[in-house]
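# Understanding the architecture of this molecule
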Amino acid sequence: MDYFIIITTLVFLSAAFGYINVRFLKLPNTIGLMLITLVFTLVVLAVATIDKTLLLAERQLITEIDFETVLLDIMLSFMLFAGALHTNFEQLKIQRWPVFVFATVGTLLSTFLIGTLVYGVLMLLGMEVGYVYCLLFGALISPTDPIAVLGILKKVGVPKDLESKIVGESLFNDGVGVVVFLTIFEIANVTNGGGVAVLDVIELFAREVIGGVVLGLLLGYVTYRLMKSIDDYDVEVIITLATVMVGTVIAQKLHLSAPLAMVTAGLVVGNDTVRGSAMSEITENYVDKFWELVDILLNTILFVLIGMEMLVLEFKWTYIFAGLVTIPIALLCRYISLYGPIIMFEKRLDIVPKTNKIMTWGGLRGGISIALALSLTTEMHRELFLVITYILVVFSILVQGLTLSTLVKRLNY
């Protein structure tokens, strides 16, 4: 299928489903698109019992899209830069230490806890899956999706300091989660599911994380200097676009974390000091509107793709049962992984009560987890973990996303 036809189809479906949501459902964009796409997919499956033409056309569309490459290598950099660009830098600066601990220690602890418990569950279900592969699953499901989280938080009235923690953690923990996943993935390939070399983990992790952040700081500084030296909003918007595209290519070539580089660059370019000294009012307006449009378009396409992925999954009852059992495991492990950092910073930063409950329920999974699951090999039990991941993502977006505002009100925020 021609790439232009694929893109045209996705944009058309995104526009149609987005219109239905805004016109009739009036749900947050993320939830509405996921719900409409799932219903549309179920209708296609029902129609297929009579005529398979539409089903075959949709399956061909989905199978010809390399979801993993499209999201991880292309879309993610743009969406993370856009998300970071619009993040309240001053609030994030105040909350930098809890955000850092949540995104690093919290993600690593969650990876280990989920991997271990899922390993036990699969053993009880009679499935022999290597422990290192369960750790891989723990790594891909631990990061929360900043795109999903940002979309929901815009409609939910949580305190600003709590919002900055949730958004900051989401922006950084997916970058850390991708690095952890890629590190374990490489070791699993080398060891064939055997022992894990601790030094290799530390070396790969440090290179990706530290290198990604340093690259992001450098990109942000260069972008700032270029924008400060001119006053032309058209060219300055193009400079920010080039920053993301060139930065992603450099990160991939040097084997650094592109997600962390883009988050860091976005925070540098978007902070008030840089805005005040490098951008005129009209430039700031154009930069913000451009990246807001990019974010909305890619976000819309992403959740349409997630919903349509159901057409190519291999649903078995044992896989579905394992996915349902994993839902409370993932929530429990997230709660535990956040508990320590919250207690650590509770008095120093006057953390609002019941932060752990909001951050646990508000930690939505999304396209990043599915993209990482799609990158698993057959030997890594790809189909099993893909179905489990899909069930968790759908549950988090539809159930957690729809009830988050109710939970916030019930906790008297």
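Read on for an overview of the structure.

Quick notes on the rules
Residues numbered from 1 in each chain as written. Predicted model: local features only at pLDDT ≥ 70, side-chain atom pairs only at ≥ 80, totals over all residues. Heavy atoms only, no water. Salt bridge = Lys/Arg side-chain N within 4 Å of Asp/Glu carboxyl O. Buried < 20%, exposed > 50% of the residue type's maximum accessible area, 1.4 Å probe, protein only. Helix = DSSP H or I, 4+ residues; strand = E, 2+ residues; numbered from the N terminus. Expected span 1.5 Å × (residues − 1). Arc of directions from axis to C-beta.

## Some points on the pattern of salt bridges
Opposite charge on two side chains lets them pair, provided their charged atoms get close. In total, this model carries five salt bridges according to the counting rule given. Arg275 is paired through a salt bridge with Glu284; the nearest N and O atoms lie 3.1 Å apart. Using a relative accessible area of 26% as the deciding quantity, one classes Glu284 as partly exposed. For Asp288, the salt bridge is made with Arg275, and the minimal N-O distance between the two is 2.9 Å. One end of the pair, Asp288, is in helix 14 (residues 281-308); the other, Arg275, is in helix 13 (residues 272-278), with 13 residues separating them in the sequence. Like Asp288, the residue Arg275 is buried in the burial classification. Salt bridges sharing common partners tie together Arg275, Glu284 and Asp288.

## Structural notes on helix 11 (residues 233-254)
Across its 22 residues, helix 11 extends 31 Å between first and last C-alpha, which sits within 8% of the 32 Å expected from 1.5 Å per residue. Within the span of helix 11, buried status applies to Glu236, Val237, Ile239, Thr240, Thr243, Val244, Gly247, Thr248 and Ala251. Within helix 11, the buried residues cover an arc of 160° as seen down the axis, which keeps them to one side. Structural note: helix 11 exposes Ile238 and Lys253 on the side pointing more than 90 degrees away from its buried face.

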